[in-house]
Amino acid sequence: MQKAVELRHVTRRYGKKIALHDVSMAIPKGKAIGLLGENGAGKSTLLKLIAGIMKPTSGEIKVFDETPNWRIRERIAYLGDLSQWYKFQRIDEAIQYAANIFPHFQIEKAKEYLDFMKLDPQRKVEELSKGQTMRLQLILCLARQVDLFLLDEPLSGIDLISREKIIDLLIELLSEREVTLIISTHEIHEAEGLFEHVILLQNGKVVKEGDAEQLRVEVGSIQKVYREVFQ
Amino acid sequence: METRSVGPLTFTIDFSIPLYEQIVEQIRHAIARGEIALGTKLPSVREMAQKLKVNPSTVVRAYLELEHDGLCEKRRGQGTFITTSEETVYQIKRKLANEALEAFVQTMRSLGIDQKTAQQWLKEMDWECKKR
């Protein structure tokens, strides 16, 4: 197995609180990975560590065989908390802005995705619903020609149509080229078919991980795997 | 479980069993039943993945397996096509029927029914399943 990410005894604390506790694992390259767990399990922390936005308190993390550095960060696109940067812009202006600030941003690809996601480029960002805002954020993230995408809860708290469109766009991206995609979510059902590998986090530890099809043979649906672990 | 149509094919995907196996099985059955004409082009990997809401690599894996069976063939730059060989289709049909028969025999044996009785009952069976 080729590795996109490797963690060795990674611990991350916020003051006294331990967000990740002695996590060691390898995340496969070129696959769609579901990072699953309840709120506060450590999913966001793990993604931030991989993105290089945050450093581990102890332990070692490698992304494409290197300790996260500026060169590696250019190969990663991270979608975190909803950004407010674009609020006063129109969608097309936000795209132009993203093209100016993000490395490897493909503006034509972004316009293509905009059409795919049924967003009108003339609309103002501040007028968009939460789901539409997430669609736009995702476009700005996926339009980058990078090797690793980290999406923190792209399906949470938004409308059904937006969730479906987001899944469709992810499938579109995966059809275009080989990338590593790590998605944290607790909306498992809709993304079931997307995952090739899943990692279940609980209280800062990996409680289960493996190939999705293999888990289907051993346990059943990923939703069932999730239920068995968290019940 | 949801039923989804992709071009000439219809799929019912159950997330509790491996997805690629279901795609393979359902295409295999569609060919065996003659629901999809020989030589037909299968939907592209992208279309199939989009309609079934599965990872494109799952579709690639399913198509590879069908190629391995000889039921499909990949033509460079054109896509994947259903075989034109009636012989191959007959063999697959035979194989699927054998699997069903083996399961039938096992069930009969587990009920303590001998071959003769089972054959007799099979003869009396309403083949069109109208009474159900």
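Residues numbered from 1 in each chain as written. Chains lettered and ligands numbered in written order. Predicted model: local features only at pLDDT ≥ 70, side-chain atom pairs only at ≥ 80, totals over all residues.

- Going by an unreviewed UniProt entry, chain B carries the name GntR family transcriptional regulator and comes from Thermoflavimicrobium dichotomicum.

- Naming follows an unreviewed UniProt entry, where chain A appears as ABC-2 type transport system ATP-binding protein of Thermoflavimicrobium dichotomicum.

**Regarding the interface of chain A and chain B**
Logical step 1: Between chain A and chain B, the contact holds 17 residues from the first and 16 residues from the second.
Logical step 2: Listing elements by their share of the side of chain A that touches chain B, those giving two or more residues are α6 (160-176), α8 (212-218) and α9 (222-230) of chain A.
Logical step 3: Ranked by residues supplied to the side of chain A that touches chain B, first place goes to α6(A) with five residues.
Logical step 4: Taken together, the residues of the side of chain A that touches chain B sort by class into six nonpolar, five polar and six charged. (Contact = placed C-beta atoms within 7 Å. Helix = DSSP H or I, 4+ residues; strand = E, 2+ residues; numbered from the N terminus. Nonpolar A, V, L, I, M, F, W, Y, C, P; charged D, E, K, R; others polar.)

**Some points on the sheet that holds strand β7 (residues 180-185) of chain A**
The pairing of strands in a sheet happens through backbone hydrogen bonds and is either parallel or antiparallel.
Residues and elements named next belong to chain A.
Logical step 1: On the basis of which strands lie adjacent, the open sheet formed by six strands has the order β5-β6-β7-β3-β8-β9 and mixed pairing. Since the sheet does not close on itself, it has two edges, and those belong to β5 (76-79) and β9 (205-211), each with one partner. Within the sheet, the average angular offset between the axes of one strand and its neighbour, ignoring direction, is 15°.
Logical step 2: Taken together, the four bridges between strand β3 (residues 32-36) and strand β8 (residues 197-202) define a ladder with parallel strand orientation. Bridging across to β8, Gly34 finds its partner in Val198.
Logical step 3: Along the sheet face, helix α1 (residues 43-51) touches β3, β5, β6 (148-152), β7 and β8 and points at about 150° away from the line of β6. (Pairing = 2+ DSSP bridges. Axes fitted to C-alpha atoms, helices over the stretch in contact; angles between N-to-C directions.)

**Things to note about unusual backbone geometry**
Residue and element names in this part refer to chain A.
Logical step 1: Phi is positive for His9, close to 50°, though the residue is something other than glycine.
Logical step 2: Along the chain, His9 turns up in strand β1 (residues 3-14).
Logical step 3: Given 12 C-beta atoms within a 10 Å radius, His9 is considered exposed.
Logical step 4: In this model, Glu153 sits at a positive phi of 50°, which is unusual for a non-glycine residue.
Logical step 5: Position of Glu153 among the secondary structure elements: in the loop between β6 and α6. (Buried ≥ 20, exposed ≤ 12 C-beta atoms within 10 Å, placed from the backbone.)

**Focus: helix α4 (residues 107-116) of chain A**
All names here are of chain A.
Logical step 1: Of all the positions in α4, only Ala110, Tyr113 and Leu114 are classed as buried. Along the axis of α4, the buried positions cluster into a sector of 105°, meaning they face one direction only. Residues of α4 that are exposed and point more than 90 degrees away from the buried face comprise Glu108 and Asp115.
Logical step 2: Next to the buried residues of α4 lie α3 (91-101), α5 (130-142) and α6.
Logical step 3: Remark: Lys118 follows α4 within two positions and exhibits a positive phi of approximately 55°. (Arc of directions from axis to C-beta.)

**Examining the domain arrangement of chain B**
Residue and element names in this part refer to chain B.
Logical step 1: Its domain assignment divides chain B into domain 1 (2-82) and domain 2 (86-124).
Logical step 2: A total of three residues in the side of domain 1 that touches domain 2 trace back to one element, the largest contributor, which is helix α1 (residues 19-32).
Logical step 3: Of the residues contributing to the side of domain 1 that touches domain 2, the split by class is four nonpolar, one polar and two charged. (Domains from an automatic or database assignment.)

**Things to note about the nonpolar core**
Logical step 1: With 90 residues, the main nonpolar core has Ile33(A), Ile50(A), Ile139(A), Phe149(A), Leu150(A) and Val198(A) as its most contacted residues.
Logical step 2: With seven residues, the single largest contributor to this core is α5(A). (Core = buried A, V, L, I, M, F, W, Y, C linked by C-beta atoms within 7 Å.)

**Details of the packing of α5(A) against α6(A)**
All names here are of chain A.
Logical step 1: With their axes 9 Å apart at the nearest point, α5 and α6 run at an angle of 10° to one another. It follows from the interaxial angle that α5 and α6 lie roughly parallel. Once α5 is placed against α6, the crossing between them reads as right-handed. Side by side, α5 and α6 meet where Gly131, Gln132, Met134, Arg135, Leu138 and Leu142 of the first sit next to Ile161, Ser162, Lys165, Ile166, Leu169 and Leu173 of the second.
Logical step 2: Residues belonging to the contact of α5 with α6 are distributed by class as follows: seven nonpolar, three polar and two charged. (Parallel < 35°, antiparallel > 145°, perpendicular 65-115°, else oblique. Left-handed = near helix turned anticlockwise from the far one by under 90°.)

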